[in-house]
Amino acid sequence: MIVVKTIKEVREIVKGWRKEGATIGFVPTMGYLHEGHQSLIKAACENDKVVVSIFVNPMQFGPTEDLATYPRDLEHDKEKCSQAGADLIFAPEPSEMYHDNFQSYVDMNLLTQELCGLSRPCHFRGVCTVVAKLFNIVMPDKAYFGQKDAQQLAIIKRMVDDLNMDIEIVGCPIIREEDGLAKSSRNTYLDPQERKAALVLSKAVKLAEKLILGGEKNCETIVSAMKELVNSEPLAKIDYIKIVSLDTIQQIPQITDNCLVALAVYIGKTRLIDNYFYQS
Ligand code: AMP
């Protein structure tokens, strides 16, 4: 496995692979990798070569968010990538990705305006911009994203379609801890008491799943039941719990095919997300 820090090196290596006729799978991440990221890398091994980017993208963090404290450990990440079958890690410095005169952004309407877009107004502009840049650098055949960030996945699919990027986007299932908590690099922020309290997110997701599969169609009823459950945990503070159409990321009154039950909850100071995707 090769580790590089410059765009030039990535391009040279990928060009060489392409000359040999290899297909390229790509997994963009912010590092501090866990089994969730590894599941994407393993899925990407259906290609001949797998590139993983590790970049804590300043552009997708708000001024009061955790950019400075976001966990970073390249040695740990190298181990996780090589275990999962990656061929190349691209781990640039911010100055490599954003030069001093940087002026161009990828923006999107509608899909970015609900859920995480409400509490993190510039987040998806940062995500779309960096992912578009990474796609232009790596030029993969396929790119792999987790269903854990379901709104992000919908946005990336839309961006690729809208901007005619010749890349197949593959969504991969949420990987959870044994007790149900969705794996996240931010779980490391939780102290033991908060870690227990964080289970309320997956419990709320399970409750929504049970209600929907039991035939409940009224979104308000489902959301109220979830809110009651989350509010019963003293360390939890709801950012949002909503049911939206996956196509538009706009709220819907009744359960339909292709809908997303999504929640963001603060456990102490840590903001965690989880979701349940329903397809009849
Ligand atoms: P991040 O490093 O948090 O930006 O995540 C990089 C990619 O890994 C994104 O596509 C995430 O959706 C995905 N990911 C993060 N956590 C999980 C998880 N628990 N299960 C599946 N995919 C995940």
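A.B. asks: Would you explain the nonpolar core in this entry?
C.D. replies: In summary, soluble globular proteins display a tendency toward joint burial of nonpolar side chains. Core analysis: the biggest nonpolar cluster contains 52 residues, and Phe135, Ile156, Met159 and Ile169 have the highest contact counts within it. Counting residues per element, the ones that place at least two in this core are α1 (7-19), β2 (24-29), β4 (88-90), α6 (123-138), β5 (142-146), α7 (150-162), β7 (236-245) and β8 (259-267). Looking at this core, the element that brings in the most residues is α6, giving 10 residues.

A.B. asks: Would you explain the site of the ligand in this entry?
C.D. replies: For the ligand, the set of nearby residues contains 17 residues, the closest of which are His37, Gly146, Asp149, Ile175 and Lys183. In the model, an oxygen atom of the ligand is placed 2.9 Å from a nitrogen or oxygen of the Met30 main chain. Within the side chain of His37, one N or O atom sits 2.9 Å away from an oxygen atom of the ligand. About the coverage of the ligand: the protein hides 92% of its 480 Å² of free accessible area. The set of elements that each furnish at least two residues to the shell around the ligand consists of β2, α2 (35-44) and β5.

A.B. asks: Got a minute to help me understand the sheet that holds β5 in this structure?
C.D. replies: Whenever strands of a sheet pair, they do so through backbone hydrogen bonds, lying parallel or antiparallel. Strand order across the open sheet formed by 6 strands is β1-β4-β3-β2-β5-β6, with parallel pairing between neighbours. The open sheet terminates on both sides in strands that have one partner only, identified here as β1 (2-4) and β6 (168-172). Looking at each pair of strands side by side, their axes are set apart by 25° on average, direction ignored. Here strand β3 (residues 49-54) pairs with β4 via 3 bridges, running parallel.

Rules behind the numbers
Residues numbered from 1 in each chain as written. Predicted model: local features only at pLDDT ≥ 70, side-chain atom pairs only at ≥ 80, totals over all residues. Heavy atoms only, no water. Core = buried A, V, L, I, M, F, W, Y, C linked by side-chain atoms within 4.5 Å. Buried < 20%, exposed > 50% of the residue type's maximum accessible area, 1.4 Å probe, protein only. Helix = DSSP H or I, 4+ residues; strand = E, 2+ residues; numbered from the N terminus. Near = heavy atom within 4 Å. Polar contact = N/O pair within 3.5 Å; in protein donor to acceptor, adjacent residues only side chain to side chain. Areas by Shrake-Rupley, 256 points an atom, 1.4 Å probe, with all protein chains shown as cover. Pairing = 2+ DSSP bridges. Axes fitted to C-alpha atoms, helices over the stretch in contact; angles between N-to-C directions.

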